[in-house]
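Summary of the model geometry
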Amino acid sequence: MRLPITLHKNYTLNEDGYQLKLPLNLETIIPEDDSVRLLSQFVEGMDLTDLYSTYERINTVSPRTLLKIVLYSYMNGDYSSRSMEQNCKRDINFMYLLEGASVPDHATFARFRSLHFAPCAKRILAEMSNKLFDLGEISGEAIFIDGTKIEACANKYTFVWKKAVTKNQAKLLVKIADLIAECEQLYDLRIVHGDTVKIKHVKRLRKKLYVLKQEENIEFVHGIGKRKTPLQKRIETLEDYLDRLKGYTQKLHTCGERNSFSKTDPDATFMRMKEDAMGNGQLKPAFNLQHGVDSEYITWLTVGPQPTDTATLIPFLKEAKEYLKFKYIKIVADAGYESEENYLFLEENGQTAFIKPSNYEISKRRNYKNDIGRMENMDYDAEKDLYICKNGRGLPLVYIRHSKSKTGYVSKKNIYQCTSCENCPYKSECIKGNNCKTPMEKRNKVLSVARTFLKYRQEDLERIRSEEGILMRINRSIQAEGSFGELKQDMQFRRYLSRGAQNVLAESVLLAMAKNLNKLHNKIQKGKTGTHLFALKAA
């Protein structure tokens, strides 16, 4: 017999034939080895004082419960706040985490991420890493560092280039100077006393032009069929120049030390991405995400505007030292992190570098070893401090050049130059480069040698070729690059959902914590807890 359907907002009126079944307790339905149980226990053991301090008053759902729900949603590859609200109403695992509390709306989750979690994201990540260290899951000895670029939540056509703004600003300043000179001549004014035009002169001119307007009782007109006076035209031109100058100044201030930024997200910088759908090397607004991995767990991360990895190592290690209660001794990274400044920093901080030299792979090739123009393939006379080329001619030390990097580090390079390469039969093989304005007949061989850098590189090369170094390099490729593989492929996270450096950092930390909890769950279930390194496979 069919039951009649009552068209009423309360659908329970149609459930007369529904038989309520036991158990009513959700805890008995969830499997004993479900990751949601591990998540709840782990977060309960964390010190979240910093998170609670961001609240003036706490509503029905505690910040600890909100953190559990957000983390569990990230663990399952769902990053939408609306999906979190919906899952809390339908999914028994989310109901288990709520512990009978009322379901928060999507705005509550969004505010939690941006207003409460973001300011203390680094301290919460450090709390998780320290807890994993106490459990013996993290070795605390070797950290594997790598970076990737993740696209920002910004339009790819909203670029502002620092070079273009600087160029337009210079042109505008010339126009302003010409306008001031024209007004001084026409209205018999004396604005600039000297050769340099400053912003105070522009403001003084504007003030005097408005005084002239009041003295001559000039009414400004606008619209079709009305003729503007010369004074009105010059005042409007001056106001337009001032607005444009103000805009250029603001853009340069937003750029800072960067070369570009996006109008949609001013914290995003345009970078060349690996994912190039158009195949034209298009630049996109992105952030440089750095992961530090230990025992397959992301123990620390940073998010920055640097387009390359070289300048990210020192800030990364300084932050890790500040927040983590243990210090890493072995720093393992790829060739993108090699620089004299980084080598020196690691030595001063008592840390050992396992950084693959940038020329490590190419130095194995035959054409590299047979290149007579390279310093490595020349004989060196230490007593006379000169290099001897294949033709037997000497390259003595000419001068020492000091160069300053963008980070402010000053490096020293010795410049060696051959006295004469005239009539040398190996000249075309030794001297490379076709962009020099000097003809090949008049050119002499020049070598640039950084002694300090080469000393550190040689020491590092011996380390990475040792048995320990090979083990470290293999684990770096597995663990550090594997973390980004899980992030982009398994968790399907390829583009940030929020804007602003602080919110982007919060997203990255939530992803790292979710990945760590998934990894801990898998290790527990497979009986692999306490393992830190992948062993070398026998040939």
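You'll find the structure just up there.
Figured I'd write up the structure that's included with this text. All values derive from a computational prediction rather than experimental measurement.

Assigned secondary structure in the protein consists of 17 helices and 13 strands. Here the protein has a C-alpha radius of gyration of 32 Å; the compact-globule value for 539 residues is 24 Å, and the former is much larger. Judged by the C-alpha coordinates and their principal axes, the protein covers about 100 × 90 × 45 Å. A buried classification covers 42% of the 539 residues belonging to the protein. Considering only intrachain contacts with a sequence separation of at least 6, the fraction spanning at least 24 residues in the protein is 67%. Per element, the accessible surface of the protein, about 30900 Å² overall, is 50% carbon and sulfur. Side-chain charges of the protein comprise 86 positive and 68 negative groups, with the mean position of each set lying 7 Å from the other.

So, on to unusual backbone geometry. With phi around 60 degrees, N423 is a residue other than glycine that occupies positive phi space. Along the polypeptide, N423 turns up in the loop between β12 (410-417) and α14 (427-430). The exposure class of N423 is exposed, given its relative accessible area of 72%. You will see that Q492, though not glycine, has its phi angle at about 55 degrees, which is positive.

Here the focus is the nonpolar core. One finds L67, F117 and M513 to be the most contacted residues of the largest nonpolar core, which totals 85 residues. It is helix α17 (residues 501-526) that contributes the most residues to this core, 11 residues altogether. Every residue in contact with F117, bar those within four places of it in the chain, is listed here: L51, L67, F112, I124, A506, V509, L510 and M513.

It is worth spelling out the sheet that holds strand β13 (residues 446-449) at this point. Taken together, five strands build an open sheet; the order of strands is β9-β10-β11-β12-β13 and the sheet is antiparallel. Two strands close off the open sheet at either side, each with one partner strand: β9 (379-381) and β13. Strand after strand, the sheet turns through a mean of 35 degrees between neighbouring axes, direction not considered. Both strand β11 (residues 394-404) and β12 contribute to a ladder of seven bridges, which runs antiparallel. Bridge pairing in β12 places L397 opposite Y416.

This part covers a positive patch on the surface. Together, K163, K167, K171 and K175 make up a positively charged patch on the protein surface. With respect to the secondary-structure elements, K163 resides in helix α8 (residues 162-187).

This part is about the packing of helix α15 (residues 451-465) against helix α16 (residues 467-490). Contact geometry for α15 and α16: axes closest at 4 Å, N-to-C directions at 80 degrees. By the angle between their directions, the pair α15 and α16 is classed as roughly perpendicular. In this structure, α15 uses R463, I464 and R465 to contact α16, whose residues at the interface are E467, G469, I470 and R473. Among the residues making up the contact of α15 with α16, the classes are represented as two nonpolar, one polar and four charged.

All right, on to the state of the cysteines then. Here a disulfide denotes one covalent bond, and it connects the sulfur atoms of two cysteines. Tallied over the entire structure, the rule returns zero disulfides. Here C389 stays unpaired: no disulfide links it, and the sulfur of C424, its closest cysteine neighbor, is 5.6 Å away. Note on C389: relative accessible area 16%, which makes it buried.

Judged from the four bridges that link them, strand β7 (residues 330-333) and strand β8 (residues 352-355) form a sheet pairing that is parallel. Among the inter-strand pairings, V332 is bridged to a residue of β8, identified as F354. Following the backbone out of β7, through helix α12 (residues 340-348) and into the adjacent parallel β8, one traces a crossover that is right-handed.

We now examine α12. Taken together, the buried positions of α12 are E340, N342, Y343, F345 and L346. G350 occupies a position one or two residues after α12 and carries a positive phi of about 70 degrees.

With the rule as written, the count across this model stands at 23 salt bridges. Note that R244 and D240 form a salt bridge whose closest N and O atoms lie 3.7 Å from each other. Of this pair, R244 and D240 both sit in helix α10 (residues 230-255), four residues apart, which is roughly one turn of the helix. With its nearest N and O atoms 3.9 Å apart, the salt bridge here joins E361 to K364. Residue classification places E361 among the partly exposed residues on the basis of a relative accessible area of 44%.

Let's shift gears to the side chain of S508. Counting through the fold element by element, S508 comes out in helix α17. Classification of S508 by relative accessible area gives buried; the value is 3%. Among all residues touching S508, those that are not within four sequence positions of it are L289, L301, V303 and Y496.

Right, let's get into the layout of surface pockets. Taken as a whole, the largest pocket holds about 940 Å³ of empty space. If you go around the largest pocket, you meet 33 residues; those closest to its centre are T308, T310, A311, K406 and T407. For the lining of the largest pocket, the secondary-structure elements that each account for two or more residues are β4 (269-272), α11 (313-323), α12, β12 and α15.

Where nonpolar side chains cluster on the molecular surface, the patch consists of I470, I474, I478, F534 and L536 and spans about 360 Å² of accessible area. The class for I470 is partly exposed, based on a relative accessible area of 32%.

Turning our eyes to something else, we now look at the packing of α11 against α12. Relative to each other, α11 and α12 sit at 25 degrees, their axes nearing to 10 Å. Classified by the interaxial angle, the pair formed by α11 and α12 is roughly parallel. Facing L313, I314, L317 and K318 of α11, the residues of α12 in contact are E341, N342, F345 and L346. Across the contact of α11 with α12, the residue classes break down as five nonpolar, one polar and two charged.

Analysis parameters
Residues numbered from 1 in each chain as written. Predicted model: local features only at pLDDT ≥ 70, side-chain atom pairs only at ≥ 80, totals over all residues. Heavy atoms only, no water. Helix = DSSP H or I, 4+ residues; strand = E, 2+ residues; numbered from the N terminus. Rg over C-alpha atoms; globule rule 2.2 N^0.38 Å. Buried < 20%, exposed > 50% of the residue type's maximum accessible area, 1.4 Å probe, protein only. Contact = heavy atoms within 4.5 Å. Areas by Shrake-Rupley, 256 points an atom, 1.4 Å probe, with all protein chains shown as cover. Lys, Arg positive; Asp, Glu negative; His and termini not counted. Charge placed at Lys NZ, Arg CZ, Asp CG, Glu CD. Core = buried A, V, L, I, M, F, W, Y, C linked by side-chain atoms within 4.5 Å. Pairing = 2+ DSSP bridges. Axes fitted to C-alpha atoms, helices over the stretch in contact; angles between N-to-C directions. Patch = residues over 30% accessible without salt bridge, like charges linked within 9 Å, V, L, I, M, F, W, Y side chains within 5 Å. Salt bridge = Lys/Arg side-chain N within 4 Å of Asp/Glu carboxyl O. Parallel < 35°, antiparallel > 145°, perpendicular 65-115°, else oblique. Nonpolar A, V, L, I, M, F, W, Y, C, P; charged D, E, K, R; others polar. Disulfide = S-S within 2.5 Å. Right-handed = clockwise from strand over helix to strand, strands pointing away. 1 Å grid on protein atoms, 1.4 Å probe; cavity = no way out; pocket = protein on both sides within 12 Å on 5 of 7 lines; lining within 4 Å. Points joined across faces, edges and corners; volume = space filled by probe spheres on them.

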